[in-house]
Amino acid sequence: MSTAHLPPASVAVVLGTRPELVKLAPLMHELGPAARLLHTGQHWDEAMSGRFLRELALPDPELLTGVGGRPRAGQIAHSLDQLDDAFVRHRPVAVVVQGDTNATLAGALAANARDIPLVHVEAGLRSFDRAMPEEHNRVMVDHVSDLLCAATATNAANLRAESVDEHRITVTGNTVVEVVRAQLPTEPARAALVAGYGLRPDGYVLATVHRPENTDTAAALRAVLTELDTIARFGTEVLFPMHPRTRAAVERFDLTSLTTRITTIEPVGYAEFLALARHAALLVSDSGGIQEECTVLGRPLLVVRRSTERPEAVDAGFAALVRPGAELGETAHAWLADSAERLARLATTPSPYGDGLASARIARLTAQLAESPVLAA
Ligand code: UDP
């Protein structure tokens with residue numbers, strides 16, 4: 001079934017944050033005029049959404065109001081109410097959500113409430129860490145979805161272990177592979193960008209840290225910043241595009257003195273981030289998407305988290321989980337010491353996240369589901 005048969009604006013794509021814009025962009029391109037973009041406004045500002053819409057050539061979204069800045073329940077409730085109105089006004093043939101945010105859950109519940117076929121992109125991720133709200137969002141969304149697009153065999157196995165019907169699961173690969181390939185600037189453009197920051201290719205650390213486990217307490221954030229400061233003190237430059245939540249936490253906990261040797265900058269656009277990541281000697285992050293992107297870019301990553309729902313990058317040798325204090329510092333030191341050999345090895349290690357055709361597969365399956373929702377029964 002081709003997407004060409006889908007009526008204009010008939011597939012509602014619901015999202016609310018930066019990583020969802022990134023990962024759903026190639027799918028929206030595949031869907032073409034059939035895609036209808038609804039943005040809950042969970043992270044709505046120029047730096048985190050506006051420029052990503054332009055950079056990724058996405059259509060102007062229908063923007064929900066009054067969602068950002070509320071506690072979790074309020075975000076979900078406000079989104080759900082407005083999505084329900086939007087779906088009644090113009091009923092979609094299918095709803096697509098991605099990942100594990102509050103927007104993902106709201107989109108899924110809105111589709112479920114109106115009996116609209118639901119597609120979950122990046123289904124089956126599990127951290128098995130019930131302290132993370134994202135884990136609850138993933139589980140709930142998976143269990144109401146009709147088409148579960150698992151990025152990897154591991155993700156599909158997680159779904160089977162929860163008794164999700166086999167006919168609802170397809171291993172598609174992860175759309176991140178094609179978005180990275182499409183958005184990574186050319187080699188000369190990357191070289192100019194890296195030089196513009198005064199950095200040497202393969203000679204710096206790129207860090208992003210923003211998850212509650214690293215920013216909600218002074219002790220955790222201090223532990224991360226102390227190790228990054230030590231890396232900088234020993235001569236490896238550290239570039240840190242700082243998420244608004246992290247910047248606020250640094251000020252709240254009075255930790256600015258630990259950021260003087262680190263180069264902190266505002267969050268950057270997607271292509272710029274990929275260029276910087278592509279030439280970093282080491283990435284340090286608690287992000288989900290970066291755990292996948294590092295495998296396409298062939299760069300090593302220290303994941304500053306107590307658990308990960310993405311074991312594939314660790315198993316393939318791209319990433320390691322570290323605790324925010326000494327373990328981060330010691331592992332960074334060891335990985336920087338054998339950097340040349342590690343970078344050479346990773347450059348030839350295939351990404352475990354697929355072949356770059358996930359979006360095309362998901363678009364086709366979505367068209368099929370819209371045509372015969374009975375498949376989902
Ligand atoms: N990213 C970006 N600019 C930055 C930092 C990150 O474009 O300054 C991208 C990054 O490449 C990844 C996404 O933002 O695709 C990750 O977003 P975030 O860490 O907010 O979410 P998560 O992936 O943890 O869900």
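Before going into details, it helps to say that this report is about the structure given with it. (Residues numbered from 1 in each chain as written. Predicted model: local features only at pLDDT ≥ 70, side-chain atom pairs only at ≥ 80, totals over all residues. Heavy atoms only, no water.)

Some details on the environment of glutamine 42
Position of glutamine 42 among the secondary structure elements: in the loop between β2 (35-39) and α2 (46-55). In this structure glutamine 42 comes out as buried when scored by relative accessible area, which is 14%. Glutamine 42 sits 27 residues away from glycine 69 along the chain, and the two C-alpha atoms are 7.4 Å apart. Within the local environment of glutamine 42, its side chain forms a polar contact with the backbone nitrogen of alanine 103, the two atoms lying 3.0 Å apart. (Helix = DSSP H or I, 4+ residues; strand = E, 2+ residues; numbered from the N terminus. Buried < 20%, exposed > 50% of the residue type's maximum accessible area, 1.4 Å probe, protein only. Polar contact = N/O pair within 3.5 Å; in protein donor to acceptor, adjacent residues only side chain to side chain.)

Examining the pairing of strand β4 (residues 94-98)
When you tally the buried positions in β4, you get five out of five residues, the bulk of the element. Neither face of β4 is exposed, since Ala94, Val96 and Gln98 on one face and Val95 and Val97 on the opposite face are all buried. By the bridge criterion, four bridges tie β4 to strand β5 (residues 118-123) in an arrangement that is parallel. By the bridge assignment for β5, glutamine 98 is matched with valine 121. Handedness of the β4-helix α4 (residues 102-113)-β5 crossover: right-handed. (Pairing = 2+ DSSP bridges. Right-handed = clockwise from strand over helix to strand, strands pointing away.)

Some remarks on the site of the ligand
As a matter of local geometry, the ligand sits amid 16 residues, with Arg211, Val268, Gly288, Gly289 and Glu293 nearest to it. In this structure, glycine 289 approaches the ligand through a main-chain N or O atom, which is 2.6 Å from an oxygen atom. For the ligand, an oxygen atom lies 2.5 Å from a polar atom in the side chain of glutamate 293. The protein chains hide 94% of the 540 Å² of surface that the ligand would expose on its own. Taken together, the elements giving at least two residues each to the shell around the ligand come down to α1 (18-31), α12 (270-278) and α13 (289-297). With three residues, α13 is the largest single contributor of residues to the shell around the ligand. Looking at the shell around the ligand, its residues break down into eight nonpolar, five polar and three charged. (Near = heavy atom within 4 Å. Areas by Shrake-Rupley, 256 points an atom, 1.4 Å probe, with all protein chains shown as cover. Nonpolar A, V, L, I, M, F, W, Y, C, P; charged D, E, K, R; others polar.)

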